[in-house]
Amino acid sequence: MSTAMLLAAAAVRQAHTDRTPEAQRNAAIARACLQRAGESAERLLRAVDGRLGRGLLGLLEAACVPGIGAHYAWRKRRIRQWARQACADGVRQVLILGAGFDGLAQTLLDAAPAARVFEVDRPATLAVKRAALAALGLDDARLQLCPGELGALPLARWLRGLPGFAPELPTLVIAEGVFMYLPLDTVQTLLRQLARALPDADLIATAMDLRRDGTPGFARQRPWVRRWLQWRGEPFRWGASRQALPLLLGQGGVRLGDVAAPDDGEDPDPAPGEWLFHGCLSHPDHPVPAGRTHAPLMAAALP
Ligand SMILES: C[S@@+](CC[C@H](N)C(=O)[O-])C[C@H]1O[C@@H](n2cnc3c(N)ncnc32)[C@H](O)[C@@H]1O
């Protein structure tokens, strides 16, 4: 069971109560992916589809990270708003890192029909998604699925070789729920490569907060979640306090803009512990003034 499958299951579950066309299409894509992602994904889908299964998954959620399903919905709602606004402001190209089984690309292509979207994820994940989109008739020449291992790709060169990718176009980079799985220095290198290749591109991304014990994670996350993620090979590798976030991102050439307030009175984060932010990639020749090294501010990397 991978985290991409869990997110997909959450999308299917959410669509049982959220009847908006967006939630329904997101769930259709998630469902088609889960049907093609192996036996455990199919079992998960069967659970989500049954009333009893949904009840049990609700109990499981409470036993792992209470409110995490609603947090994902909160995060996706905000990302859609920001990304749509960026498209309205002139973005012509969107690069989604660690896209998983999510349907954000389709939403953005609806909002900006002239735009192009490039999704990067591991080959196995994108093979499933490609088959799922084809089965749904959602394969679209404006969307390219680009298999690759983040952290191993020389990103700037790789982007230049990507058919249809035009570094000079106004670009939005989205990294939702993925940076925390890569070591911090890998994320910073990757961001610097992007900043060099796509100066002034917009960035919408997430990063983990630190818990009271100093480990990266959700505030209400139970202790076994960390062990499970570690056993799955997808541990949260780093996190940052709100205070440290601008400096850590600045080391990657990111000028931090808005950070979604988890305690927003009108729309609070149902499971705080993951920063959602909007920023801009600045070329290394115009570095973000950091003033201090990040070492004392970063979380201890997990072993
Ligand atoms: C938690 S899922 C998030 C999926 C999607 N962004 C969302 O929020 O619904 C993390 C995704 O990042 C991908 N991922 C993690 N590490 C990666 C790496 N090194 N290279 C490429 N993709 C990676 C996983 O395959 C997975 O699809």
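Residue numbering note: each chain is counted from 1, following its sequence as written. For a predicted model such as this one, the threshold for reporting local features is a pLDDT of at least 70, and the threshold for listing and counting side-chain atom pairs is 80 or more; totals across whole chains, interfaces and linings nevertheless cover every residue. Only hydrogens and water are removed before side-chain values are computed, so all heavy atoms of the structure are retained for them.

Colleague: Give a detailed account of the overall build of the protein, specifying residues and quantitative values.
Modeller: Looking only at helices and strands, one finds 11 helices and seven strands in the protein. The atom set for the radius of gyration is the C-alpha atoms, and the globule formula is 2.2 Å times the number of residues raised to the power 0.38. Its C-alpha atoms give the protein a radius of gyration of 18 Å, near enough to 19 Å, the size a compact globule of 303 residues would have. The principal-axis extent of the C-alpha atoms belonging to the protein is close to 55 × 45 × 35 Å. Counting across all 303 residues of the protein, residues that qualify as buried make up 53%. Here a strand is any run of E in DSSP of at least two residues, a helix any run of H or I of at least four, and the numbering for each starts at the N terminus. The rule is simple: take the accessible area with a 1.4 Å probe, protein chains only, and divide by the maximum for that residue type; under 20% is buried, over 50% is exposed, in between is partly exposed.

Colleague: Can you explain helix H7 (residues 123–135)? Please cite residues and give values.
Modeller: To estimate the expected span of a helix, subtract one from its residue number and multiply by 1.5 Å. Compared with an ideal rise of 1.5 Å per residue, which puts 13 residues at 18 Å, H7 spans 18 Å between its outermost C-alpha atoms and is within 8% of the ideal. Within H7, burial applies to Thr 125, Leu 126, Val 128, Lys 129, Ala 132 and Leu 133. Mapping the buried residues of H7 onto a view down its axis gives an arc of 155°, with all of them on the same face. Contacts were defined at the residue level, with two residues in contact if any of their heavy atoms lie within 4.5 Å. Turning to H7, the residues buried within the fold contact helix H2 (21–34), helix H6 (104–111), strand S2 (116–121) and strand S3 (143–147). As used here, the arc is the angular range of directions from the helix axis to the C-beta atoms.

Colleague: Before we move on, can you summarise the pattern of salt bridges with the specific residues and values?
Modeller: We define a salt bridge as a side-chain nitrogen of Lys or Arg found within 4 Å of a carboxyl oxygen belonging to Asp or Glu. For the structure shown, the criterion picks out 18 salt bridges. Measuring nitrogen to oxygen at the nearest pair gives 2.9 Å for the salt bridge that ties Arg 75 to Glu 176. In this pair, Arg 75 is assigned in helix H5 (residues 68–88) and Glu 176 in the loop between strand S4 (171–175) and helix H9 (184–197), connecting sequence segments 101 residues apart. In terms of burial, Arg 75 and Glu 176 fall into one category: buried. Note that Asp 140 and Arg 142 form a salt bridge whose closest N and O atoms lie 2.7 Å from each other. Since its relative accessible area comes to 26%, Asp 140 is described here as partly exposed. Look at Arg 142 and you get partly exposed, because its relative accessible area is 26%. What you see here is one network of salt bridges that share partners, running through Arg 75, Lys 76, Asp 102, Glu 176 and Glu 274.

Limitation: the analysis is restricted to geometry and does not speak to function.
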